[in-house]
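Residue-level structure breakdown
Each chain, written out:
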Amino acid sequence: MTAIRPAGADGRSAPAAPGDATAGGRGVGTTARGSLFGLAGSAANALFGFVLVAVITHGLGAGGAGAVFTGVAAFTILSNALKLGADTALVRFVSRDLELSGGAGVPALLRISVLPTLLASAAGAAVLLCSPGLAGLLLPELDPGQAAALIRLFAVFLPVTTVALVLLGATRGYGSVVPFVGVEQIGKPAVRVLLAVPLVLLAPSVAGLSAAWLAPGVLGAVAACVSLRRSRRAHPGSGQPPSQAREFWAFAGPRAVSSVFDITAVWIGVILLSVLGTGTDAGIYTAIGRLVTAGSLLQLAIRLAVAPQISRLMAGGDTHGAHHLHRLSTRWIALFSWPVFLVLAAYPRTVLSLFGPGFDEGAAGLVVLAVACLVNVGVGNAQTVILMAGRSVWNLVVAGTAFVLQLGSGVWLVPRYGVLGAAVSWGLAIVVDNGASALLARYRLGFRTVDRGYLYAAAIGIVTVALPVFGLRTLFGDSLPGTLLGIVLAIGAFGAAVWRYRLPLGVGEFFGALRKRGSGNSP
């Protein structure tokens with residue numbers, strides 16, 4: 001990207017030297033602090049999401065809950081598609097602009113990104129408002145009038161939610177995860193629960209609970225605008241950077257399509273089960289999806305924090321620091337995420353029974369997705385590396401291939417195997433997407449994942465978690481006592497092993513970075 005770069009003593013650009021301690025340390029420290037806050041936000045999001053699913057399923061039953069979450073699925077896919085890839089592009093281009101011109105080019109970046117997404121989302125809302133037949137296709141178990149009214153309700157909130165996501169992408173580009181986490185992972189989920197609980201107690205309905213899910217998006221948009229304005233005031237920059245519109249949309253265009261594949265992969269199972277199966281199956285599958293999302297909390301938290309840091313390090317010429325940050329963050333993800341999916345694979349029925357009677361029928365599907373997610377967290381944020389390196393076309397090819405595999409296998413498997421078929425198709429897509437991304441990051445960009453610390457993390461997960469939980473599963477079966485005992489023993493053994501091998505694992509570097517409160521803090 002061509003932009004103004006602060007000059008060195010000789011009047012020329014002064015890129016950071018490879019391996020520069022200040023740049024690399026800043027990236028690790030900011031990522032560590034952002035990851036910790038992001039993890040807290042992700043945990044809150046998972047908790048509120050779990051409560052919301054439980055409230056809606058208990059209030060409407062699996063069938064009614066399936067209708068609500070089918071609408072949520074379609075809305076989420078549309079809003080992510082109509083962002084046009086601008087949110088991810090802003091993460092990359094704003095962070096690079098801060099490194100090269102101190103933020104002088106951000107106003108222009110906002111002008112070329114926000115208006116197209118507003119127009120696209122408004123057009124999408126108009127299509128939904130004028131397509132009552134689509135409602136009957138997505139929600140065949142509802143009365144046609146009720147289904148059409150539900151789709152119109154989602155359409156009204158589509159533009160404001162879409163633009164808010166784009167603005168939050170810009171705030172992430174400034175290096176802070178606080179606005180995104182505060183809005184998307186804490187604020188909106190908490191308000192949804194606060195609105196849903198009295199509705200379930202007083203007048204439970206599909207339309208009412210859908211409105212409770214949608215309404216907090218307005219508050220989120222206001223918060224996003226305020227946060228972005230504060231970030232811009234703190235980083236006004238200097239100079240007049242050249243136009244970046246062509247380069248911006250050359251990156252955002254492929255990312256727009258791949259983001260559709262990404263978000264559709266999460267929700268297509270719900271839609272296929274609603275159309276080709278039953279609303280009950282869709283409700284069970286939604287619960288499984290919540291558990292898989294909960295297991296990926298740390299990966300999401302680190303992704304939010306690490307993306308702008310890798311972009312800035314690469315823009316400043318510190319490829320060594322970027323590679324080190326990727327290896328270290330991948331090690332953190334694998335170390336603390338593998339145990340979660342091992343527990344889910346060992347005790348699927350017990351965990352699913354928390355959602356209510358009948359949900360344990362999705363146990364086999366949960367096992368399949370838990371195994372696939374071991375691969376997902378094992379490669380870290382390889383997709384983020386590819387995107388922050390500007391290779392959005394690579395990401396599109398990989399995501400598109402995985403989605404075609406998921407959709408094709410899902411159409412064949414879902415009518416035959418229901419929830420299990422949807423889980424198998426998603427699991428295949430997860431393995432293909434993450435495996436191919438890891439290979440590209442390693443052999444085309446030089447970002448190595450496996451090192452000595454990574455091998456320690458894998459060994460600790462197998463010895464201290466897999467052995468106790470599956471051993472007790474053999475003795476006590478998939479029961480509540482066995483689950484509780486297995487978790488307690490695994491936590492004790494895991495904690496002791498992490499402390500014993502804290503140096504090769506890089507745990508000391510993580511917490512050491514948290515204690516540093518220098519000028520490298522994220523805004």
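Before reading on, note that the structure itself is shown above.
This text gives an overview of the structure that appears in the document. Since this is a predicted model, take the numbers as computed values, not measurements.

To continue, consider the overall build of the chain. A tally of helices and strands in the chain yields 22 helices and zero strands. Counting only residues that meet the buried cut, the chain has 56% of its 523 residues in that class. Working note: accessible area of the chain is about 20,500 Å², and carbon and sulfur atoms make up 68% of it.

In this model, helix α19 (residues 452-476) (25 residues) spans 36 Å end to end at C-alpha, consistent with the 36 Å of a helix rising 1.5 Å per residue. Along its length, α19 reaches its greatest deviation from straightness, about 35 degrees, at A466, and the proline P468 lies no more than four positions downstream. Regarding α19, the residues found buried are G453, Y454, A457, I460, G461, T464, V465, A466, P468, V469 and L472. Looking at the buried side of α19, the elements it contacts are α13 (319-346), α15 (363-378), α20 (480-500) and α21 (502-505).

Before going further, it helps to spend a moment on the pattern of salt bridges. Per the stated rule, a full pass over the model turns up six salt bridges. Across the pair R255 and D262 runs a salt bridge whose closest N-O atoms are separated by 3.0 Å. The class of R255 is buried, set by a relative accessible area of 11%. Residue R331 is joined to D451 by a salt bridge in which the shortest nitrogen-to-oxygen separation is 2.9 Å. Within this pair, whereas R331 is found in helix α13, its partner D451 is found in the loop between α18 (419-443) and α19, the two being separated by 120 residues in sequence. The exposure classification of R331 matches that of D451, with both residues buried. Beyond isolated ion pairs, a larger network of salt bridges with shared partners links R327, R331 and D451.

What follows covers the environment of D318. Relative to the assigned elements, D318 resides in the loop between α12 (297-315) and α13. By relative accessible area, which is 0% here, D318 ends up buried. Within the structure, D318 has its side chain in polar contact with the backbone nitrogen of G321 (distance 2.9 Å).

L90, F248 and I288 are the most contacted members of the largest nonpolar core, which has 120 residues in total. Sorting elements by how many residues they give to this core places helix α1 (residues 21-81) first, with 13 residues. When residues no more than four places from it in sequence are discounted, the contact partners of I288 are L352, G362, G365, L366, L369 and V419. In terms of nonpolar packing, the next biggest core, distinct from the first, is built from 16 residues, Y347, L472, A490 and A497 among them.

Looking now at the side chain of S121. By the secondary structure assignment, S121 is in helix α3 (residues 106-129). Residue classification places S121 among the buried positions, given a relative accessible area of 0%. Of the polar contacts made by the side chain of S121, one reaches the backbone oxygen of L118; its length is 3.0 Å. Residue contacts for S121: discarding those within four places in its chain leaves L82, L158, P159 and T162.

Moving on, we get to the packing of α3 against helix α10 (residues 245-276). The N-to-C vectors of α3 and α10 enclose an angle of 45 degrees; their axes lie 10 Å apart at closest approach. Relative to α10, the element α3 lies oblique. As α3 packs across α10, the resulting crossing turns out to be right-handed. Between α3, through L109, I112, S113 and P116, and α10, the contact on the second element is made entirely by A245, F248 and W249.

A separate point is the environment of L335. Within the secondary structure, L335 sits in helix α13. Residue class for L335 comes out buried when judged on its relative accessible area of 1%. The spacing of L335 and Y454 is 119 residues in sequence and 8.0 Å in space, taken between C-alpha atoms.

So, about the side chain of T350. Tracing the sequence through the fold places T350 in helix α14 (residues 348-352). Excluding its chain neighbours within four sequence positions, the residues that come into contact with T350 are D478, S479, L480 and T483.

Conventions we followed
- Residues numbered from 1 in each chain as written.
- Predicted model: local features only at pLDDT ≥ 70, side-chain atom pairs only at ≥ 80, totals over all residues.
- Heavy atoms only, no water.
- Helix = DSSP H or I, 4+ residues; strand = E, 2+ residues; numbered from the N terminus.
- Buried < 20%, exposed > 50% of the residue type's maximum accessible area, 1.4 Å probe, protein only.
- Areas by Shrake-Rupley, 256 points an atom, 1.4 Å probe, with all protein chains shown as cover.
- Expected span 1.5 Å × (residues − 1).
- Bend = angle between axes of the 7 residues up to and from the residue.
- Contact = heavy atoms within 4.5 Å.
- Salt bridge = Lys/Arg side-chain N within 4 Å of Asp/Glu carboxyl O.
- Polar contact = N/O pair within 3.5 Å; in protein donor to acceptor, adjacent residues only side chain to side chain.
- Core = buried A, V, L, I, M, F, W, Y, C linked by side-chain atoms within 4.5 Å.
- Axes fitted to C-alpha atoms, helices over the stretch in contact; angles between N-to-C directions.
- Parallel < 35°, antiparallel > 145°, perpendicular 65-115°, else oblique.
- Left-handed = near helix turned anticlockwise from the far one by under 90°.

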